[in-house]
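# Topology and contacts: notes
Here are the chains, one letter per residue:
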Amino acid sequence: MPRRFFTAHPLKSEPLVLAGGEAHHLSHVLRLKAGDEVVLFDGTGEEATAQVVKVSSGQVMLAVKSRRIATTELPFPLILGTAVPKGDRFSWLVEKATELGVTRLIPLRTARSIVDPGSGKLDKMRNTVIAASKQCGRSQLMVIDEPCDWGKFLQKELSEHQGWVADLAGVSPLDREATAPEVSGGTGLVLAVGPEGGLTTEEVAAAAGLGAKLVSLGPRILRTETAALALATLAAAACSARLGLGN
Ligand code: SAM
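Residues numbered from 1 in each chain as written. Predicted model: local features only at pLDDT ≥ 70, side-chain atom pairs only at ≥ 80, totals over all residues. Heavy atoms only, no water.

Roughly 420 Å³ of volume is contained in the largest pocket. If you trace the largest pocket, you find 21 residues lining it, with Ala 166, Leu 168, Gly 198, Ile 221 and Leu 222 closest to the centre. Among the elements of the structure, strand E10 (162-171) and helix H7 (224-242) are those that each provide at least two residues to the lining of the largest pocket. Counting residues per element, the lining of the largest pocket draws most heavily on E10, which supplies 3 residues. Per-class residue counts for the lining of the largest pocket are 11 nonpolar, 6 polar and 4 charged. (1 Å grid on protein atoms, 1.4 Å probe; cavity = no way out; pocket = protein on both sides within 12 Å on 5 of 7 lines; lining within 4 Å. Points joined across faces, edges and corners; volume = space filled by probe spheres on them. Helix = DSSP H or I, 4+ residues; strand = E, 2+ residues; numbered from the N terminus. Nonpolar A, V, L, I, M, F, W, Y, C, P; charged D, E, K, R; others polar.)

Here is the structure:
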């Protein structure tokens with residue numbers, strides 16, 4: 001497994017300098033030295049093989065040897081709109097959604113939402129995305145949007161993408177006739193999951209009225225984060241199968 005580091009600088013800058021937490025991770029945690037090879041990614045989908053040139057206090061200088069477009073992204077947008085679960089369960093959800101290849105996560109404000117994350121919490125979640133991307137081999141960062149109201153979310157996302165709303169009374173996501181989405185590089189699938197108190201009948205009806213499919217994940221009531229990750233997994237598999245690809 002190559003040692004991967006995130007840089008906010010474009011990979012074509014020369015020389016490339018890592019500072020802060022990434023420099024600390026490279027020099028103090030992994031104890032890498034001049035001459036060692038690492039993989040750098042800048043969050044846009046590009047990655048590079050680079051050689052450590054110099055380690056000094058608080059920063060690491062690297063020389064980029066080769067650059068390439070990473071091949072670990074889903075070939076269609078997979079957007080996850082989800083009510084925000086309490087406490088650490090949100091960071092767990094963000095980490096796992098990153099690993100599963102979700103393109104964009106939209107924290108939803110619904111009628112029964114309790115948690116409305118502030119900008120400090122969302123910035124922390126964006127760092128969680130970077131850490132998860134380093135570990136799982138993604139080079140494009142999952143985007144975390146600002147929180148969005150249910151109505152606005154439906155209007156915007158369902159005008160561009162197809163939709164699946166997690167609902168106990170929905171159809172199975174394995175029912176290809178009913179749910180198989182037509183996705184491409186630009187048109188994707190937007191998923192929606194409600195809060196612990198559930199979505200209201202009106203919220204579900206509004207989504208269905210705009211063409212979203214109601215999708216069941218079985219007869220048990222799942223927590224928001226479990227439903228979100230199960231839905232993302234099944235959606236990625238269904239879309240990939242539709243395109244004749246593996247996950
Ligand atoms: N008391 C709520 C209700 O009856 O709707 C339970 C809400 S559940 C904890 C949170 C969200 O997860 C729901 O709004 C729904 O979107 C999704 N969810 C939970 N279990 C599900 C299932 N078996 N099938 C589909 N969606 C589910």
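Still to come is the rest of the account.
This next bit is on the packing of helix H4 (residues 150-160) against helix H6 (residues 201-209). Remark: H4 packs on H6, axes separated minimally by 10 Å, with the N-to-C direction vectors making an angle of 15 degrees. By the criterion of interaxial angle, the relationship of H4 to H6 is roughly parallel. Relative to H6, H4 is oriented so that their crossing is right-handed. Judged by residue contacts, Trp 150, Leu 154 and Leu 158 of H4 engage Glu 203, Ala 206 and Ala 207 from H6. Grouping the amino acids of the contact of H4 with H6 by side-chain chemistry returns 5 nonpolar, no polar and 1 charged. (Axes fitted to C-alpha atoms, helices over the stretch in contact; angles between N-to-C directions. Parallel < 35°, antiparallel > 145°, perpendicular 65-115°, else oblique. Left-handed = near helix turned anticlockwise from the far one by under 90°. Contact = heavy atoms within 4.5 Å.)

As a further point, take the site of the ligand. In the neighbourhood of the ligand, 19 residues make up the surrounding shell, with Ala 166, Leu 217, Gly 218, Arg 220 and Leu 222 lying closest. Within the backbone of Ala 166, an N or O atom sits 2.7 Å from an oxygen atom of the ligand. With respect to the ligand, the backbone of Leu 217 contributes an N or O atom lying 2.9 Å from a nitrogen atom. Here the ligand has 560 Å² of accessible area as a free molecule, and 82% of this is covered by the chains. Most atoms of the ligand, that is more than half of them, are within 2 Å of grid points of the largest pocket. Among the elements of the structure, E10 and H7 are those that each provide at least two residues to the shell around the ligand. A per-element tally of the shell around the ligand places E10 first, with 3 residues. Of the residues assigned to the shell around the ligand, the class counts are 10 nonpolar, 6 polar and 3 charged. (Near = heavy atom within 4 Å. Polar contact = N/O pair within 3.5 Å; in protein donor to acceptor, adjacent residues only side chain to side chain. Areas by Shrake-Rupley, 256 points an atom, 1.4 Å probe, with all protein chains shown as cover. Sits in = over half its atoms within 2 Å of the grid points.)

Topologically, Ala 178 is positioned in helix H5 (residues 176-179). C-alpha separation for the pair Ala 178 and Lys 213, spaced 35 residues apart in sequence, amounts to 8.0 Å. Discounting chain neighbours no more than four positions away, the residues touching Ala 178 are Val 171 and Lys 213.

We now examine the domain arrangement of the protein chain. Domain annotation for the protein chain reports domain 1 (3-69) and domain 2 (78-242). Taken together, the contacts link 11 residues of domain 1 with 8 residues of domain 2. Summing the contributions of domain 1 and of domain 2, the shared interface buries around 770 Å²; its carbon and sulfur component is 56%. When the buried surface of domain 1 facing domain 2 is broken down by residue, Arg 4, Phe 6 and Phe 41 rank first, second and third, together holding 59% of it. (Domains from an automatic or database assignment. Buried area = accessible area lost by both parts, 1.4 Å probe.)

Over the atoms rolls a probe the size of a water molecule, and its path tells where empty space is left. Taken as a whole and assessed by the stated rule, the structure comprises 1 cavity of 30 Å³ or more. When its volume is computed, the largest cavity comes out at roughly 40 Å³. In this structure, the largest cavity is lined by Phe 153, Leu 154, Leu 158, Gly 163, Trp 164, Val 165, Val 190, Ala 192 and Ala 212. The set of elements that each furnish at least two residues to the lining of the largest cavity consists of H4, E10 and strand E11 (189-193). Along the lines of polarity and charge, the residues of the lining of the largest cavity split into 8 nonpolar, 1 polar and no charged.

Bringing the pairing of strand E5 (residues 59-69) into the picture now. Pairing of strand E2 (residues 16-19) with E5, which is carried by 4 bridges, proceeds in the antiparallel orientation. If you follow Leu 18 over to E5, its bridge partner there is Val 60. Note that strand E4 (residues 46-56) and E5 share 10 bridges and pair antiparallel. Across the sheet, residue Val 52 finds its bridge partner in E5, namely Leu 62. Counting the residues that bridge the hairpin from E4 to E5 gives 2 residues, and of these Gly 58 lies at a positive phi of roughly 80 degrees. (Pairing = 2+ DSSP bridges.)

Here the focus is the sheet that holds E4. What the 5 strands build is an open sheet, ordered E1-E3-E4-E5-E2; its pairing is mixed. The open sheet is flanked by strand E1 (4-6) and E2, the only strands paired with a single partner. On average, each strand axis in the sheet is tilted by 45 degrees relative to the strand beside it, whichever way the strands run. The strands that helix H1 (residues 20-29) touches are E1, E2, strand E3 (37-41), E4 and E5; relative to E2, the one it contacts most, it runs at about 90 degrees. Set on the sheet, helix H3 (residues 119-136) makes contact with E1 and E3; between it and E1 the angle comes to about 155 degrees.

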